[in-house]
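# Remarks on the overall topology
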Amino acid sequence: MACTMETVAKIFKGVLVVELLGVFGAYFLFYKMNTSQDFRQTMSKKFPFILEVYYKSVEQSGMYGVRKQDQEK
C-alpha cells in the first residue's frame, strides 16, 4: 500500500483542520471563562478540572484574585 503525495496531502490537511479547530475552541473557552463569572460557576459544577487549569494559567500570567473573587460570590 503505497502512499501517494495526494494521500499525504489530504491527511496533512485533515490534521491541520483538526488542530485549528482545537486552537480556536480552546481560545473561545478561555475567552468565555475570562469574561463571564457565571460561566466559570457553570464550569465549576460540570468540569472543575478545566476551571482549575484556567485559574492556574491566569495566576501564572500575573492576574491574581480571580479565584478568590469567584469563591466570594
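This text goes with the structure placed above it.
Notes on the structure follow.

About the criteria used
Residues numbered from 1 in each chain as written. Predicted model: local features only at pLDDT ≥ 70, side-chain atom pairs only at ≥ 80, totals over all residues. Heavy atoms only, no water. Core = buried A, V, L, I, M, F, W, Y, C linked by side-chain atoms within 4.5 Å. Buried < 20%, exposed > 50% of the residue type's maximum accessible area, 1.4 Å probe, protein only. Helix = DSSP H or I, 4+ residues; strand = E, 2+ residues; numbered from the N terminus. Contact = heavy atoms within 4.5 Å. Phe/Tyr/Trp six-rings, centres within 6.5 Å; stacked < 30°, edge-to-face > 60°. Lys NZ or Arg CZ within 6 Å of the ring centre and 35° of its normal.

Before going further, it helps to examine the nonpolar core. If you look at the biggest cluster of nonpolar residues, it comprises seven residues: Met33, Met43, Leu51, Tyr54, Tyr55, Val58 and Val66. In terms of residue count, the dominant contributor to this core is helix H3 (residues 48-60) (four residues). Setting aside anything within four residues of it in sequence, one finds Tyr55 in contact with Val66, Arg67 and Asp70.

Let's shift gears to the packing of aromatic side chains. Counted according to the given criterion, the structure contains four aromatic pairs. When the centroid spacing of 5.5 Å and the interplanar angle of 55° are considered together, the rings of Phe30 and Tyr54 count as tilted. Separated by 24 residues along the polypeptide, Phe30 in helix H1 (residues 5-35) and Tyr54 in helix H3 bring together distant segments of the chain. Overall, the relative accessible area of 34% leaves Phe30 in the partly exposed class. Judged by centre distance (6.2 Å) and plane angle (90°), the ring pair of Phe47 and Phe49 falls under edge-to-face. Assessed through its relative accessible area of 39%, Phe47 is described here as partly exposed. Classification of Phe49 by relative accessible area gives exposed; the value is 56%. Through pairs of rings, three or more aromatic residues link up here, namely Phe30, Tyr54 and Tyr55. Lying across the ring of Phe39, Lys32 places its NZ or CZ 5.8 Å from the centre.

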